[in-house]
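What the coordinates show
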Amino acid sequence: MACPVQFLCRAVRTVGLVLVYYVFSIGITFYNKWLMKGFHYPLFMTLVHLTIIFCLSTLTRSAMQCWTGKPRVMLNWTDYLTKVAPVAIATALDIGLSNWSFLFITISLYTMTKSSAVLFILFFSLVFKLEHPNPYLIVVVLLIASGLFMFTFKSTQFNLKGFIMVLLASFIGGIRWTLTQVLMQKAELGLQNPIDTMYHLQPLMFMGLFPLFLFNEGLSLSTSEKLFRVNELSHLLYTLVMLSIGGSLAFGLGFSEFLLVSKTSSLTLSIAGIFKEACTLLLAAGLMGDRMSGLNLMGFAVCVSGISLHVGLKTYYSKSKINSLRQLPVKNSQDLEVPLLCHMEDEGEETAADDDKEQEILL
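All residue numbers refer to positions counted from 1 along the written sequence of the respective chain. Note on the predicted model: pLDDT of at least 70 is required for a residue's local features to be given, and 80 or more for side-chain atom pairs to be given and counted; whole-chain, interface and lining totals, by contrast, use all residues. Only hydrogens and water are removed before side-chain values are computed, so all heavy atoms of the structure are retained for them.

1. Quick word on the overall build of the protein chain
When helices and strands are tallied, the protein chain shows 13 helices and 0 strands. Each helix and strand of the protein chain, placed in order from N terminus to C terminus, yields the pattern α-α-α-α-α-α-α-α-α-α-α-α-α. Counting every position in the protein chain, which comprises 363 residues, the buried fraction comes to 41%. Split by element, the accessible area of the protein chain, about 20200 Å² in all, is 69% carbon and sulfur. We count a stretch as a helix when DSSP gives it H or I for four or more residues in a row; a strand needs E for two or more, and each element gets its number in order from the N terminus. Exposure is judged per residue with a 1.4 Å probe applied to protein chains only, and the accessible area is read against the type maximum: over 50% gives exposed, under 20% gives buried, and values in between give partly exposed. Per-residue accessibility takes into account occlusion by the displayed protein chains alone, with areas from the Shrake-Rupley method and a 1.4 Å probe.

Next comes the structure, spelled out in structure tokens:
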């Protein structure tokens, strides 16, 4: 009886985590698009978000340290500037350009173009030798690229400037996530906890994006009635509250992604991401009035099939690697005498070790 109950609890937990991830991910997309209609300073908005994330991560780190009694990780300047800085700069440009594009394009075009990040992630994963060359990757690339072309072909709401911004953000996003994977795999840095990662990334992200903000928005914002030339205090407070809500959503998105991966798997996050894009397009058509032709919808289906193939291939090769490791010859003859008992004991020890490791990461 315990097995069905345990399975049901895990299923309910997974569904709950996916729904929380959807709320933050879809919520921040529509919220930023809505905010950009009346507040045309996306880079300043991103800087405010980075500041809020840093403050929330600092408070969370302090609370975790008080709760556990263990000091949090603090990198030295050499590691900080040589290993964290590239990730921070790439992340800042990715997020900044993505928010900037909302001034020009619809949510549906943004969602589809952002899906091309898988292509750049594949490319840079091959460059950094995180992925092994595979002939099926050619099919994945062709499906995603052709789907993106079909979606943008003769689109009535196509904007070249916004499209280039998102495409550039996707390219930088490929660098960002590849470098992030390398950073997270460096156990000696101790940045497996996303709170510690966000805490270390935000200051460098702010400094990396600030010059671009000064060049594009500094003068216009300083003379705008939205902030510095505001006539009434209530308008200023309203603007700051609206920006703070977006920053809180951004913090929740980063943390919900980690919870989903740590409690389930990266495969669950990938599959959830596919359905999230479909939900985003449906909501964009229903709430924002985005128009899509039959060819555009077909392009979306082709693109999703390419992403699904990529997820399926990663799952297949991951299982094959695990099975090949399990089939290695056993040198200890005692393990061959009672295989079932040893297998059960090993599973118990691995489960306990995984639970302890998960608790360490979360705390």
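Once the structure has been displayed, the description carries forward.
2. A look at the packing of helix α2 (residues 42-68) against helix α3 (residues 77-101)
At a closest axis distance of 8 Å, the pairing of α2 and α3 adopts a crossing angle of 135°. Taken together, the axes of α2 and α3 are oblique relative to one another. Regarding α2 and α3, the two cross each other, and that crossing is right-handed. Between α2, through Pro-42, Leu-43, Met-45 and Thr-46, and α3, the contact on the second element is made entirely by Ile-95, Gly-96, Asn-99 and Trp-100. Note on method: axes are straight lines fitted to C-alpha atoms, helices fitted across the in-contact stretch only, with angles between N-to-C directions ranging 0 to 180 degrees. The cut-offs work like this: below 35 degrees is roughly parallel, past 145 is roughly antiparallel, 65 to 115 is roughly perpendicular, and the gaps in between are oblique. Two helices that cross are described as forming a left-handed crossing if the nearer one is turned anticlockwise from the farther one by less than a right angle, and a right-handed crossing if clockwise. In what follows, residue pairs with any heavy atoms lying within 4.5 Å of each other are defined as contacts.

3. Considerations on the nonpolar core
The nonpolar core is taken to be a set of buried Ala, Val, Leu, Ile, Met, Phe, Trp, Tyr and Cys residues, with the residues joined through side-chain atoms within 4.5 Å. Leu-35, Phe-39, Phe-44, Val-84, Ile-144 and Leu-243 are the most contacted members of the largest nonpolar core, which has 80 residues in total. In terms of residue count, the dominant contributor to this core is helix α1 (residues 2-36) (10 residues). Not counting residues within four places of it along the chain, the set of residues in contact with Phe-39 comprises Phe-44, Met-45, Lys-226, Thr-239 and Leu-243.

4. Examining the side chain of His-49
Considering the arrangement of structural elements, one finds His-49 in helix α2. Overall, His-49 belongs to the buried group, its relative accessible area being 5%. Here His-49 is in contact with Asn-32, Leu-243, Gly-246 and Gly-247, once residues within four sequence places are set aside.

5. With respect to α2
Under the convention used throughout, the expected extent of a helix is 1.5 Å for every residue step, that is, one less than its residue count. With 27 residues, α2 should reach 39 Å at 1.5 Å per residue; the first-to-last C-alpha distance of 38 Å fits that figure. Just past α2, the residue Gly-69 takes up positive phi, approximately 75°.

6. What about a nonpolar patch on the surface?
Together, Phe-123, Val-127 and Phe-128 make up an exposed nonpolar region whose accessible area comes to about 290 Å². Mapping Val-127 onto the fold places it in helix α5 (residues 117-127). Patches here are clusters of residues that have more than 30% relative accessible area and form no salt bridge, with a 9 Å joining cutoff for like charges and a 5 Å cutoff for nonpolar side chains (Val, Leu, Ile, Met, Phe, Trp, Tyr). Salt bridge criterion: a side-chain nitrogen from Lys or Arg within 4 Å of a carboxyl oxygen from Asp or Glu.

7. Digging into the packing of aromatic side chains
Two aromatic rings, drawn from Phe, Tyr or Trp (for Trp, its six-membered ring), form a pair once their centres lie within 6.5 Å of each other, and the interplanar angle then sorts them: stacked below 30 degrees, edge-to-face above 60, tilted otherwise. On inspection of all chains with the given rule, the structure shows 10 aromatic pairs. On the numbers, 6.3 Å between centres and 45° between planes, the contact of Phe-39 with Phe-44 is tilted. No difference in accessibility class separates Phe-39 from Phe-44, as the two residues are buried. Arranged with centres 5.8 Å apart and planes meeting at 15°, the rings of Phe-206 and Phe-210 form a pair that is stacked. On the criterion of helical spacing, the pair formed by Phe-206 and Phe-210 is a turn pair, its members being 4 residues apart in helix α8 (residues 194-222). Accessibility expressed as a relative area gives 32% for Phe-210, which makes it partly exposed. Of the aromatic side chains, those joined through ring pairs into one cluster are Phe-39, Tyr-41, Phe-44, Phe-206, Phe-210 and Phe-213.

8. Let's talk about the pattern of salt bridges
Tallied over the entire structure, the rule returns 5 salt bridges. Here Arg-61 ties to Asp-196 by a salt bridge, and the two come within 2.6 Å at their closest N and O atoms. Residue Arg-61 is located in helix α2, and its partner Asp-196 is located in helix α8; the two are separated by 135 residues in the primary sequence. According to the relative accessible area criterion, Arg-61 is buried, its value standing at 6%. Look at Asp-196 and you get buried, because its relative accessible area is 2%. Each of Arg-61, Arg-72 and Asp-196 takes part in a single network of salt bridges with overlapping partners.

9. So, the packing of α2 against α8
Between α2 and α8, the shortest axis-to-axis distance is 8 Å and the interhelical angle comes to 160°. By the angle class used here, α2 and α8 are roughly antiparallel. Here α2 and α8 pass one another in a crossing that is left-handed. Class assignment of the residues belonging to the contact of α2 with α8 gives a composition of 19 nonpolar, 8 polar and 3 charged. Charged means Asp, Glu, Lys or Arg here, nonpolar means Ala, Val, Leu, Ile, Met, Phe, Trp, Tyr, Cys or Pro, and polar covers whatever is left, Gly included.

10. Comments concerning the environment of Ser-115
Looking at where Ser-115 falls in the secondary structure, it is placed in the loop between α4 (107-114) and α5. Classification of Ser-115 as buried rests on a relative accessible area of 3%. Residues Ser-115 and Phe-300, spaced 185 residues apart in sequence, show a C-alpha to C-alpha distance of 9.7 Å. When neighbours within four sequence positions are excluded, Ser-115 is seen to be in contact with Ile-144, Glu-277, Cys-303 and Ile-307.

11. Let's talk about the confidence of the model for the protein chain
The predictor attaches a confidence to each residue, called pLDDT, with possible values from 0 through 100. Per-chain confidence: the protein chain averages 77 in pLDDT, with 80% of residues scoring 70 or above. When mean pLDDT is taken per element in the protein chain, α2 scores highest with 92 and helix α12 (residues 334-337) scores lowest with 38.

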